[in-house]
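The residues making up each chain are set out below.
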Amino acid sequence: MAAERGGCSLEAVPLPAEVRESLAELELELSEGDITQKGYEKKRAKLLARYIPLIQGVDPSLQTENRVSGSSQPTAAVSKQQKSRSTNSRDERFRSDVHTEAVQAALAKYKERKMPMPSKRRSVLVHSSVETYTPPDTSSASEDEGSLRRQGRITSTPFQSHSNVEPWLNRVIQGSSTSSSASSTSSHPGGKPAAASNAATAAATVLADLMAHTQLGVPVNSRVSSKIQQLLNTLKRPKRPPLKEFFVDDFEELLEVQQPDPNQPKPEGNQVNVLKGEPVGVVTNWPPSLLAALQRWGTTQPKAPCLTALDTTGKAVYTLTYGKLWSRSLKLAYTLLNRLTTKNEPMLKPGDRVALVFPNSDPVMFMVAFYGCLLAELIPVPIEVPLTRKDAGSQQIGFLLGSCGVTLALTTDACQKGLPKAQTGEVVTFKGWPRLIWFVIDGKHLAKPTKDWHPQVRDASAEIAYIEYKTSKEGSTVGITVSHASMLAHCHALTQACGYSEAETLTNVLDFKRDAGLWHGVLTSVMNRMHVISIPYALMKVNPLSWIQKVCSYKARVAVVKSRDMHWSLLAQRDQRDVSLSSLRMLIVADGANPWSISSCDAFLNVFQSRGLRPEVICPCASSSEALTVAIRRPPELGGPPPGKAVLSMNCLSFGVIRVDTEEKLSVLTVQDVGQIMPGANVCVVKVDGTPYLCKADEVGEICVNSGATGMAYFGLLGITKNVFEAIPVTAAGVPVSDQPFTRTGLLGFVGPDYLVFVVGKLDGLMTVSGRRHNADDVVATALAVEPMKFVYRGR
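Parameters and conventions
Residues numbered from 1 in each chain as written. Predicted model: local features only at pLDDT ≥ 70, side-chain atom pairs only at ≥ 80, totals over all residues. Heavy atoms only, no water. Pairing = 2+ DSSP bridges. Helix = DSSP H or I, 4+ residues; strand = E, 2+ residues; numbered from the N terminus. Axes fitted to C-alpha atoms, helices over the stretch in contact; angles between N-to-C directions. Parallel < 35°, antiparallel > 145°, perpendicular 65-115°, else oblique. Left-handed = near helix turned anticlockwise from the far one by under 90°. Contact = heavy atoms within 4.5 Å. Nonpolar A, V, L, I, M, F, W, Y, C, P; charged D, E, K, R; others polar. Disulfide = S-S within 2.5 Å. Expected span 1.5 Å × (residues − 1). Buried < 20%, exposed > 50% of the residue type's maximum accessible area, 1.4 Å probe, protein only. Lys, Arg positive; Asp, Glu negative; His and termini not counted. Salt bridge = Lys/Arg side-chain N within 4 Å of Asp/Glu carboxyl O. Phe/Tyr/Trp six-rings, centres within 6.5 Å; stacked < 30°, edge-to-face > 60°. Right-handed = clockwise from strand over helix to strand, strands pointing away. pLDDT = per-residue confidence, 0-100. Core = buried A, V, L, I, M, F, W, Y, C linked by side-chain atoms within 4.5 Å.

Trainee: Would you mind showing me how to read the sheet that holds strand E3 (residues 316-321) here?
Mentor: Strand order in the open sheet formed by 9 strands is E3-E2-E13-E12-E14-E15-E16-E17-E20, and the pairing between neighbours is mixed. At either margin of the open sheet sits one strand with a lone partner, and together these are E3 and strand E20 (676-677). The pairing of strand E2 (residues 305-310) with strand E13 (residues 531-534) spans 3 bridges and is parallel. Note on E13: the bridge partner recorded for Thr308 is Ile533.

Trainee: Quick question: what am I supposed to make of the packing of helix H12 (residues 290-300) against helix H18 (residues 515-527) here?
Mentor: In a pair of packed helices, the angle between the axes and the distance between the axes together describe the arrangement. Interhelical geometry of H12 versus H18 gives an angle of 65° and a closest axis separation of 8 Å. Taken together, the axis directions place H12 and H18 in an arrangement best described as roughly perpendicular. The way H12 lies across H18 gives a crossing that is left-handed. Of the residues in H18, those touching H12 at Leu290, Ala293, Leu294 and Trp297 are Leu523, Val526 and Met527. Taken together, the residues of the contact of H12 with H18 break down into 7 nonpolar, no polar and no charged.

Trainee: Quick question: what am I supposed to make of the sheet that holds strand E7 (residues 379-383) here?
Mentor: Within a beta sheet, neighbouring strands are joined by backbone hydrogen bonds and run either parallel or antiparallel to one another. Pairing is parallel in the open sheet, where 4 strands are placed in the order E7-E6-E8-E9. Taken across any chain shown, the strands that pair with only one partner, and hence form the sheet edges, are E7 and strand E9 (437-440). With direction set aside, neighbouring strand axes in the sheet form an average angle of 30°. Strand direction decides the pairing type here: strand E6 (residues 353-357) and strand E8 (residues 408-411), joined by 2 bridges, are parallel. In the strand pairing of E8, Ala355 is matched with Ala409.

Trainee: Help me understand the state of the cysteines, please; the structure alone is not making it clear to me.
Mentor: Disulfides are covalent bonds that link the sulfur atoms of two cysteine residues. Summed over the entire model, instances satisfying the criterion amount to 0 disulfides. A disulfide-free cysteine, Cys704 has its sulfur positioned 4.9 Å from the sulfur of Cys684, the nearest such atom.

Trainee: Would you take a moment to explain helix H17 (residues 484-498) for this structure?
Mentor: When the terminal C-alpha atoms of H17 are compared, their 21 Å separation across 15 residues agrees well with the 21 Å that a helix rising 1.5 Å per residue should span. Burial analysis of H17 places 11 of its 15 residues in the buried class, which makes it a mostly covered element. Considered for burial, the residues of H17 that qualify are His484, Ser486, Met487, Leu488, His490, Cys491, Ala493, Leu494, Thr495, Ala497 and Cys498. Gly499 sits one or two residues past H17 and shows a positive phi near 65°.

Trainee: Mind showing me how you'd approach the pairing of strand E25 (residues 757-762) here?
Mentor: Burial runs high along E25: 5 of the 6 residues are buried. Linking strand E24 (residues 743-751) back to E25 in an antiparallel pair, the connection comprises 5 residues, with Asp754 at a positive phi of about 60°.

Trainee: Could you clarify how one ought to interpret the side chain of Asp591 in this entry?
Mentor: By the secondary structure assignment, Asp591 is in the loop between strand E15 (586-589) and helix H22 (597-608). Lacking a salt bridge, the buried Asp591 has Lys562 as its closest oppositely charged neighbour, with an N-O distance of 6.0 Å. The contact partners of Asp591, leaving out residues within four places of it in the chain, are Lys562, Ser563, Trp596, Ser597 and Cys621.

Trainee: Would you take a moment to explain the packing of aromatic side chains for this structure?
Mentor: The relative placement of two aromatic rings is captured by the distance of their centres and the angle of their planes. What the rule picks out here adds up to 12 aromatic pairs. Seen in terms of ring centroids, Phe366 and Phe370 are 6.0 Å apart; in terms of plane orientation they differ by 35°. Their pairing is tilted. Note that Phe366 and Phe370 are positioned in helix H14 (residues 363-375) at a spacing of 4 residues, about one turn of the helix. When sorted by exposure, Phe366 lands in the same class as Phe370, which is buried. On the numbers, 5.3 Å between centres and 50° between planes, the contact of Phe366 with Phe512 is tilted.

Trainee: Sorry if this is basic, but what is going on with the pairing of strand E16 (residues 618-624) here?
Mentor: Two faces belong to every sheet, and in a regular strand the side chains alternate between them. Burial runs high along E16: 6 of the 7 residues are buried. As paired strands, E15 and E16 are joined by 3 bridges and run parallel to one another. In the sheet register, Ile588 faces E16, and the bridge partner there is Cys619. Handedness of the E15-H22-E16 crossover: right-handed. Bridge count for E16 against strand E17 (residues 628-632) is 4 bridges, and the pairing is antiparallel.

Trainee: When you look at the confidence of the model for the protein chain in this model, what are you seeing that I'm missing?
Mentor: Segments scoring low in pLDDT should not have their predicted coordinates read at a detailed level. For the protein chain, per-residue confidence averages 78 on the pLDDT scale, and residues scoring 70 or more make up 71% of the total. Taking the mean pLDDT of every element in the protein chain, the minimum, 40, falls on helix H7 (residues 141-152) and the maximum, 98, on E13. Contacts from residues 210-216, a stretch scored under 50 in pLDDT, to residues over four places away or in other chains number 25 contacts. Low pLDDT, under 50, characterises residues 788-796; the stretch is placed with 29 contacts to residues that sit more than four places away or in other chains.

Trainee: Would you mind going over the nonpolar core with me for this structure?
Mentor: In this structure, Leu336, Tyr371, Leu410 and Leu523 are the most contacted members of the largest nonpolar core, which totals 96 residues. No other element matches H14, which puts 11 residues into this core. Leu539, Ala572, Val579 and Val589 belong to the second-largest nonpolar core, a separate cluster that totals 29 residues.

Trainee: Could you clarify how one ought to interpret unusual backbone geometry in this entry?
Mentor: The phi angle of most residues is negative, glycine excepted, and most peptide bonds adopt the trans form. Positive phi values are uncommon outside glycine, yet Ala503 reaches one of about 65°. Phi at Asp515 takes a positive value of approximately 55°, unusual for a residue other than glycine. By the secondary structure assignment, Asp515 is in helix H18.

Trainee: Help me out: how do you make sense of the pattern of salt bridges in this one?
Mentor: Side chains that carry opposite charge are capable of pairing whenever their charged atoms lie near each other. Within this structure, the stated rule accounts for 20 salt bridges. The closest approach of N and O atoms between Asp565 and Arg564, which form a salt bridge, is 3.0 Å. Using a relative accessible area of 29% as the deciding quantity, one classes Arg564 as partly exposed. With its nearest N and O atoms 2.9 Å apart, the salt bridge here joins Arg633 to Asp673. Here Arg633, found in the loop between E17 and strand E18 (645-649), pairs with Asp673, found in the loop between strand E19 (668-672) and E20; they are 40 residues apart in sequence, far enough to count as distant. In terms of burial, Arg633 and Asp673 fall into one category: buried. Beyond isolated ion pairs, a larger network of salt bridges with shared partners links Glu268, Arg659 and Asp698.

Right under this line is the structure:
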């Protein structure tokens with residue numbers, strides 16, 4: 001009767017949707033082990049308290065009847081019983097035989113209604129199978145927890161219908177009643193209390209009604225997490241699923257192999273054979289080596305100016321004469337070979353590598369150190385001054401020094417004072433660097449050679465003269481070796497291509513330690529007894545017009561700059577109107593191969609043409625660390641063809657094909673020529689990927705050079721040396737074009753009319769996207785295009 005009243009009250013108050021959702025989430029937390037059984041019961045009772053007001057499992061109506069009938073059980077006993085229940089992890093009343101009978105009665109009532117079992121969550125009923133169920137063997141809380149964990153390890157079976165659940169649940173109930181009979185008897189001495197019987201009956205009725213109304217499953221004491229269950233399900237699957245399971249229909253287009261567009265442009269021209277440069281002219285009084293040239297000028301023209309250094313204000317602080325350069329280089333060579341000893345043995349021997357660490361503001365001491373090493377038959381390795389102990393860029397330099405076996409570093413007193421020091425006062429060992437001995441080459445530290453000591457000034461040979469560092473796009477640093485013969489041949493070629501003559505004045509804005517700044521401002525200038533005005537980088541930051549002012553004041557005939565220097569001078573040209581560039585016969589643009597250089601050249605000409613600058617003076621060139629100078633534009637008086645300009649379709653260039661377009665379009669690239677190939681050189685253009693086949697006339701490829709004026713190898717790296725410095729171009733039939741190896745320049749371009757070389761990118765900046773080629777230089781050019789200048793970077 002009480003059960004009926006309990007059932008009627010539940011039907012009268014159906015559960016809201018939010019309560020059902022909360023109960024479902026609670027069961028999910030229990031099934032996945034996120035909460036304990038005790039916590040689950042507390043939260044569940046709290047959710048159902050408003051709709052099923054059961055106090056410790058007893059219907060309020062039952063409590064009323066008990067009070068009316070004068071139950072002999074005092075309230076204090078009930079409170080004591082509640083307190084004892086709260087100390088256990090599970091309520092003892094759920095282990096009594098009365099509870100077993102009540103639950104069976106509720107299931108029988110549930111079976112009569114023929115309601116389908118809820119199947120919203122499989123994890124509620126599928127964690128234990130009927131065949132492998134093991135009932136708990138004790139009523140203690142700790143072992144009950146252990147039984148839950150054991151059940152979690154039982155293999156689960158999919159839940160099909162409620163008919164399979166009933167015998168399983170009966171078996172669970174029987175096992176529970178058997179294991180709990182002892183504790184039940186001890187808890188209620190003297191027989192079964194009537195209140196407990198009524199409470200169990202009411203609870204069973206509530207259980208049946210909840211299953212009918214809320215469509216919630218019966219929670220199972222399982223602590224198997226979803227990840228473990230997923231792992232078990234995975235292990236059940238076949239080891240090799242069907243092939244179609246590896247693919248998703250939505251991504252079929254991504255998995256397909258990219259097929260070439262049948263309409264994409266293709267090269268149609270004839271194969272371009274090897275191009276030969278003009279022969280190197282024979283000069284009767286040409287010195288047999290660069291050191292021989294220095295010796296000649298140092299002894300016959302000792303007062304001739306060699307190099308003028310400027311400070312950050314533009315003032316000339318020192319002019320090095322050829323006599324001083326020769327005498328100081330002799331002192332340094334003598335000191336390095338005879339005064340630096342370890343255990344009474346010379347520290348250095350011919351062929352050893354020595355690091356040159358000099359700032360960009362001190363070209364004089366660098367020049368003395370460079371030629372001093374050459375006279376001592378040592379190999380100079382010019383590097384940058386390290387900024388901090390853990391400078392990332394200097395770490396790669398340190399790797400280069402270590403691979404070269406460098407143990408000695410030459411520097412100046414001022415530079416050494418600026419280096420980080422250890423507690424002992426010595427220069428710290430920079431991260432990634434070998435341990436170095438620092439030697440200051442200022443005059444007071446050098447010894448005067450004895451009268452019987454004379455350096456061996458030999459003819460140019462295949463021995464290594466110096467090592468120039470190069471940083472690749474991955475950030476690694478390699479050293480490129482240049483022989484004495486290559487150094488001399490390069491000076492010959494530059495002298496002929498640029499028309500250098502004795503006593504000419506050259507303004508050098510570039511870094512004098514490497515690339516064009518070294519080749520023109522330190523090597524070729526000494527070969528021709530030229531006077532170099534070195535512009536420090538710090539001065540250019542303060543006064544971008546400083547190089548133009550020095551060209552004007554010194555009446556310089558040649559200037560070596562980059563397009564950035566021309567660009568900066570445009571920003572400050574309004575401040576100076578009394579300058580003249582009429583003395584210039586050649587303005588060498590060292591980075592003329594960059595796609596943005598044409599805009600700088602055109603804008604510079606538009607502004608300074610009224611100040612004496614002639615259009616034919618601008619001479620862009622192309623070079624690489626491996627092949628040195630590849631091509632340079634000659635002035636008309638040297639017999640060069642008129643300048644060339646190409647307006648190319650960027651779409652076709654992305655396929656490696658050359659197609660002329662109109663300049664009015666936005667999707668075009670306007671490039672200028674970098675002149676003709678160097679004297680005495682052979683040049684060809686080969687395909688970028690795979691075997692170096694010769695390209696067609698309208699095809700973009702990598703420019704390769706065969707000449708006596710190129711680098712020799714990457715120091716200590718035989719593998720990549722063979723690939724870069726020993727390339728053998730072949731025809732379409734696979735026949736080698738020459739028995740001499742070619743050097744890959746890393747420049748991408750083609751040869752146009754009048755044998756003018758055009759460069760459209762670099763191999764280091766090549767980006768291939770969906771089979772189409774793009775270049776990082778284009779990204780730089782695009783960034784420069786949005787710079788707030790009053791002129792347009794064409795083609796961007």
